[in-house]
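# An overview of the molecular structure
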Amino acid sequence: KAGVTQTPRYLIKTRGQQVTLSCSPISGHRSVSWYQQTPGQGLQFLFEYFSETQRNKGNFPGRFSGRQFSNSRSEMNVSTLELGDSALYLCASSLGTSGYNEQFFGPGTRLTVL
Amino acid sequence: KNEVEQSPQNLTAQEGEFITINCSYSVGISALHWLQQHPGGGIVSLFMLSSGKKKHGRLIATINIQEKHSSLHITASHPRDSAVYICAVLSGSRLTFGEGTQLTVNP
């Protein structure tokens, strides 16, 4: 079974631009969660989608948004990029709700904002 | 004060040593996860537990709900165990992460 894939793996943007990241979960997994990891803040929960519905959202501004498609693939979008958005963005998939099930992480997308 | 505290932040051991990483939390939780992150960023889920103890190979995870504390033990440590170990707690409906413990095992 293929693992969780994320595209692109690396991205360089400038302040003010927007970016879309993609995550393809393991086949059969209906939950996709997104996380931001920075050296200063560590791992932080962004949001979770389950069967195309956002179930939970972390404490991030409205510039961060996401969606999930009927095939469980998910995208997250960050608008009006700021320098502080430079981070590793990880997605993880699970069969059920992320907190109660083993999560399988993708390799991440490393975003650099200049 | 962070809701999830890990100790130590950094740990260096010699191959073969018994290792313990601790995680304390200040909120009520439904479950606790231990994750392993290797250089380069890849994260692997090691354990999810809500009570008692779980064992997988050389890894053992325990949790004491009353004391709001969990430990991750590694027996017969090996250089390939070198990684960052992260504790995460499920409180309400979202995961909150500790800052991680950087483990280095020297041959």
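Residues numbered from 1 in each chain as written. Chains lettered and ligands numbered in written order. Predicted model: local features only at pLDDT ≥ 70, side-chain atom pairs only at ≥ 80, totals over all residues. Heavy atoms only, no water.

### Structural notes on the side chain of Ser-33 of chain A
Cut-off, in case you're wondering: Put simply, DSSP marks the helices as runs of H or I at least four residues long and the strands as runs of E at least two long, and each gets a number from the N terminus on. Here, residues are in contact when the closest pair of their heavy atoms is within 4.5 Å.
Tracing the backbone through its elements, the reader meets Ser-33 of chain A in strand β4 (residues 31-38). Other than its neighbours up to four places away in sequence, Ser-33 of chain A contacts Phe-45, Phe-47, Glu-48, Leu-90, Cys-91, Ala-92, Ser-98 and Gln-103 of chain A.

### Some thoughts on the environment of Ala-2 of chain A
Definition in use: A simple rule labels every residue: compare its accessible area, found with a 1.4 Å probe on the protein chains alone, to the largest value its type can have, and call it buried under 20%, exposed over 50%, or partly exposed in between.
Residue position: Ala-2 of chain A is located in the segment before β1 (5-7). Relative accessible area serves as the criterion here: at 59%, Ala-2 of chain A is assigned to the exposed category.

### Focus on the interface of chain B and chain A
Here is the rule: Summed over both partners, buried area is the accessible surface (1.4 Å probe) that two parts give up on being assembled. Just to be clear on terms, a salt bridge is a Lys or Arg side-chain nitrogen sitting within 4 Å of an Asp or Glu carboxyl oxygen. Here a polar contact means two N or O atoms within 3.5 Å. Within protein one must be a hydrogen donor candidate and the other an acceptor candidate, and residues neighboring in sequence count only if both atoms are side-chain atoms.
Counting from both sides, the interface comprises 15 residues of chain B and, opposite them, 18 residues of chain A. Both faces considered, chain B and chain A share a buried interface measuring about 1,500 Å² in area, 56% of it formed by carbon and sulfur atoms. Considering only the surface of chain B that becomes buried against chain A, Ile-43, Arg-94 and Phe-97 of chain B emerge as the three largest contributors, covering 35% of it. Applying the counting rule to chain B against chain A returns 0 salt bridges. Put simply, chain B and chain A have 3 residue pairs in polar contact (both at pLDDT 80 or more) between them.

### With respect to the packing of aromatic side chains
Quick reminder of the rule: Aromatic contacts are taken between Phe, Tyr and Trp rings whose centres are within 6.5 Å, Trp giving its six-membered ring; a plane angle under 30 degrees counts as stacked, one over 60 as edge-to-face, and the others as tilted. Lysine and arginine charges are scored as sitting over a ring when NZ or CZ, respectively, is within 6 Å of the ring centre and within 35 degrees of the ring normal.
The tally for this structure, following the rule as stated, stands at 5 aromatic pairs over all chains. With centroids separated by 5.8 Å and ring planes inclined at 35 degrees, the aromatic side chains of Tyr-35 of chain A and Phe-105 of chain A adopt a geometry described as tilted. Residue Tyr-35 of chain A is located in strand β4, and its partner Phe-105 of chain A is located in strand β10 (residues 104-105); the two are separated by 70 residues in the primary sequence. The class for Phe-105 of chain A is buried, based on a relative accessible area of 12%. Measuring from ring centre to ring centre gives 5.7 Å for Phe-47 of chain A and Tyr-49 of chain A, while their planes differ by 70 degrees; the resulting arrangement is edge-to-face. For the pair formed by Phe-47 of chain A and Tyr-49 of chain A, the shared burial category is buried. An aromatic cluster of three or more residues is present, and its members are Tyr-35, Phe-45 and Phe-105 of chain A together with Phe-97 of chain B. Geometry around Phe-50 of chain A places Arg-55 of chain A over its ring, the cationic atom sitting 5.0 Å from the centre.

### Concerning the sheet that holds strand β8 (residues 69-74) of chain B
Residue and element names in this part refer to chain B. Using the following cut-off: By this definition, two strands are paired if DSSP reports at least two bridges between them. Throughout, an axis means a line fitted to C-alpha atoms (over the contacting stretch in the case of helices), and angles, computed between N-to-C directions, take values from 0 to 180 degrees.
Ordered by their spatial adjacency, 5 strands build an open sheet running β1-β3-β8-β7-β6, and the pairing between neighbours is antiparallel. Lying at the two open borders of the sheet, with one neighbouring strand each, are β1 (4-7) and β6 (52-56). On average, adjacent strands in this sheet sit at an angle of 15 degrees to one another, irrespective of strand direction. Bridge analysis of β1 against strand β3 (residues 19-25) gives 4 bridges, and the strand direction is antiparallel. Counted as the bridge partner of Gln-6 is Cys-23 from β3.

### Comments concerning the pattern of salt bridges
Residue and element names in this part refer to chain A. Under the criterion given, the structure shown has 5 salt bridges over all chains. The partner of Arg-63 in a salt bridge is Glu-82, with the nearest N and O atoms 3.6 Å apart. Remark: Glu-82 occurs in the loop between β8 (74-78) and β9 (87-94) and Arg-63 occurs in the loop between β6 (53-57) and β7 (64-68); sequence separation between them is 19 residues. The buried category is assigned to Arg-63, whose relative accessible area is 16%. Note that Arg-67 and Glu-75 form a salt bridge whose closest N and O atoms lie 3.3 Å from each other. We classify Arg-67 as partly exposed; its relative accessible area is 46%. Salt bridges here are not isolated pairs; linked through shared partners, they connect Arg-63, Glu-82 and Asp-85.

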